[in-house]
Amino acid sequence: MSSILSVRGLRFAYPGGAEALRGVDLELHPGEVFAVVGPNGAGKTTLFRVLNMFYRPSAGRVEYRFRTARDGSQLSLRRRMAMVFQDPVLLNASVWENVAYGLFLREPLPGRLRVRLHRLGRKFHLPLPATELEARVERALGEVGLSGFTSKHARALSRGEAQRVALARALAVEPELLFLDEPTANLDPPSALLIEEVIRRANRRGTTVLLASHNIGQVRRLADRAALLVEGRIVDSGPVEELFQAPASGFIKEFVGEELLS
Amino acid sequence: MPSLLSAVSQAFSMIVSLDSYLLSVVGVSLRVSGMALVISVPLSALVAALLGLARFPGRNLLRTLVNTGMGVPSVIVGLVVLLLLSRSGPFGGLGLLWTPTAMVISQCVLITPLITGVMLSALVGVDRAISEAAHALGASRLQRVLTVIREARFGFLTAVIAGFGRAISEVGSVLLVGGNIVFPHGVSYTRTLTTAIVVETRKGQFETALALGIVLIVIVLSLNLLASRLQRRGSW
Ligand SMILES: Nc1ncnc2c1ncn2[C@@H]1O[C@H](COP(=O)(O)OP(=O)(O)OP(=O)(O)O)[C@@H](O)[C@H]1O
Ligand SMILES: [Mg+2]
């Protein structure tokens, strides 16, 4: 099977720090949900940051094979990916502005102005049709169950709502590859289940998902395959049902705990 | 000593009667400081963006320079600009001394470090995570920078207001390079609110001086109110 992302011997060290990634190999199949599990400090966030081109690897190669990238340039590859962070990072602006942000980045100036004018006009009750960009924002917000929140300010959101807005913002750009770094950490169980459902739907529409999670139940519910990352190395990987099946490798047992595997 | 009440009432009557002396003095103040602001703000934004977001040798030295410049007394700036523009100075040939242009120049020199410094601290205060989030959603390098600047926009507004406030209320440099000139028919050429206050006080016209002071304070105060209103509205 051809892969959408192919990682070979990936290494990375923070300036002045120890190596956080020490030779990671990974193949992501198009359309799958792949989970990376591992203890705190294993390098999950670092791995995502390198794959998402925020950091340049110190060694190894990463190949992206997106169907829809305009060209092979860094920017056009990056624009086929999106990432949701462990802690939601929202702009100091309304929910609508936040969700529209990624779309505005991809829109040439005339299109951006057109949306601004439409929104301004509608404020004065002109019967202007919704632009495609606005429709996408609406859809993404509806997806995470926050349709009524458009004009609310991002600072006025609860943590769970903020995480849903962050997810909607990533979904709005319809990425081919979506990085989710512990998207439900610190959320209550109903919010977490809601987010899982949104992830599942996005995945069914064709988005490949790379998920970091400490929640083994969540990994079992969402992921097709998983890898265990320990101290910057992948020590075990495979289909989820095999990986978390007893008898497991010593690493998995240690990480997950015996009782969860049964 | 005049009573505050009579000063207020004179200020009020000068304002409602559109006293031509008062109007011309206010006009010179607003034009000179407004022009200084128009020149300083883009320049300061550029320097602040470079100092805050780019990495290059000499950056820390420049930052120190900006911080030092924030506190330079206005008479010193006035003196230096005066020497540069005076007939025997390097730019004497331009004939700018004792014109509004000279005042604009000295106010620019005065407020650019202040505006840059406040903008810089606003930029540095933006969460690093914002820049990473911008990257992760497909921002180009330029878009990333613009996103961070947009996040710092309230701080930028504060910088602009602070710069204007300093410009319109400083007296030392405009007095030195402007010359505090009034046309014979009683209309200001290079006399500002602050230098007018100095003159009126010296003449013993305390009510007029206080009236001018009240106008000055009202201008600065309403700008600050406008700024905090905009900030409270939050989403823009
Ligand atoms: N900005 C940084 N500068 C220096 N070292 C860092 C930085 N970020 C992370 N590290 C180090 O890199 C290693 C991997 O960290 P990383 O955040 O990738 O782990 P993680 O698997 O995401 O952990 P967690 O489960 O706590 O989120 C850790 O040892 C950490 O201390
Ligand atoms: Mg992490």
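What counts, and where the lines are drawn
Residues numbered from 1 in each chain as written. Chains lettered and ligands numbered in written order. Predicted model: local features only at pLDDT ≥ 70, side-chain atom pairs only at ≥ 80, totals over all residues. Heavy atoms only, no water. Axes fitted to C-alpha atoms, helices over the stretch in contact; angles between N-to-C directions. Helix = DSSP H or I, 4+ residues; strand = E, 2+ residues; numbered from the N terminus. Parallel < 35°, antiparallel > 145°, perpendicular 65-115°, else oblique. Contact = heavy atoms within 4.5 Å. Pairing = 2+ DSSP bridges. Near = heavy atom within 4 Å. Polar contact = N/O pair within 3.5 Å; in protein donor to acceptor, adjacent residues only side chain to side chain. Areas by Shrake-Rupley, 256 points an atom, 1.4 Å probe, with all protein chains shown as cover. Nonpolar A, V, L, I, M, F, W, Y, C, P; charged D, E, K, R; others polar. Phe/Tyr/Trp six-rings, centres within 6.5 Å; stacked < 30°, edge-to-face > 60°. Lys NZ or Arg CZ within 6 Å of the ring centre and 35° of its normal. Buried area = accessible area lost by both parts, 1.4 Å probe. Salt bridge = Lys/Arg side-chain N within 4 Å of Asp/Glu carboxyl O.

(A) A look at the packing of helix α2 (residues 20–53) of chain B against helix α10 (residues 193–202) of chain B. Residue and element names in this part refer to chain B. Closest axis-to-axis distance for the α2/α10 pair is 8 Å, and the angle between their directions is 135°. Overall, the two elements α2 and α10 adopt an arrangement that is oblique. Only Leu 193, Ala 196 and Glu 200 of α10 make contact with α2, whose side of the interface consists of Tyr 21, Val 25, Val 26 and Ser 29.

(B) Inspection of the sheet that holds strand β7 (residues 208–212) of chain A at higher detail. All names here are of chain A. Pairing within the open sheet is mixed, and its six strands lie in the order β5-β6-β7-β3-β8-β9. Single-partner strands in this sheet number two, and they are β5 (81–84) and β9 (233–239). Sheet twist, expressed as the average angle between the axes of neighbouring strands with direction ignored, equals 15°. Pairing of β5 with strand β6 (residues 177–181) involves four bridges; the strand directions are parallel. Paired with Val 84 across the bridge in β6 is Leu 180.

(C) Quick look at the site of ligand 1. Residues and elements named next belong to chain A. As a structural note, the neighbourhood of ligand 1 is formed by 13 residues, with Gly 41, Lys 44, Thr 45, Thr 46 and Gln 86 the closest of them. Thr 46 is positioned such that a nitrogen or oxygen atom in its side chain is 2.5 Å from an oxygen atom of ligand 1. Here an oxygen atom of ligand 1 and a side-chain polar atom of His 214 are 2.9 Å apart. Here ligand 1 loses 61% of its free accessible area of 640 Å² to cover by the protein chains. Per element, the largest residue contribution to the shell around ligand 1 is three residues, and it comes from helix α1 (residues 44–51). Split into classes, the residues belonging to the shell around ligand 1 amount to four nonpolar, seven polar and two charged.

(D) Structural detail: the packing of aromatic side chains. Residues and elements named next belong to chain A. In this structure the tally under the stated criterion is eight aromatic pairs over all chains. An angle of 85° between the planes, with centres 5.4 Å apart, marks the rings of Tyr 14 and Tyr 55 as edge-to-face. You can see Tyr 14 sitting in the loop between β1 (5–13) and β2 (19–28) and its partner Tyr 55 sitting in the loop between α1 and β4 (59–64), a full 41 residues away along the chain. Among the aromatic residues, those joined into a ring-pair cluster are Phe 12, Tyr 14, Phe 54 and Tyr 55. Taking the ring centre of Trp 96 as reference, the NZ or CZ of Arg 119 above it sits at 3.5 Å.

(E) Focus on the interface of chain B and chain A. With 21 residues of chain B at the contact, the number on the chain A side is 26 residues. When the two sides are added together, the surface that chain B and chain A hide from each other amounts to roughly 2000 Å², 54% of it contributed by carbon and sulfur. By the criterion of area lost to chain A, the three top residues of chain B are B:Glu132, B:His135 and B:Leu137, representing 35% of everything that side buries. Where chain B packs against chain A, one counts one salt bridge. With a shortest N-O distance of 3.0 Å, A:Arg49 and B:Glu132 are connected by a salt bridge. Here chain B is connected to chain A by 13 residue pairs in polar contact (both at pLDDT 80 or more). Where the side of chain B that touches chain A is concerned, the elements lending two or more residues are α6 (128–136), α7 (141–151) and α8 (153–169) of chain B. With eight residues, the top contributor of residues to the side of chain B that touches chain A is α6(B). Its residues assigned to classes, the side of chain B that touches chain A comprises eight nonpolar, seven polar and six charged.

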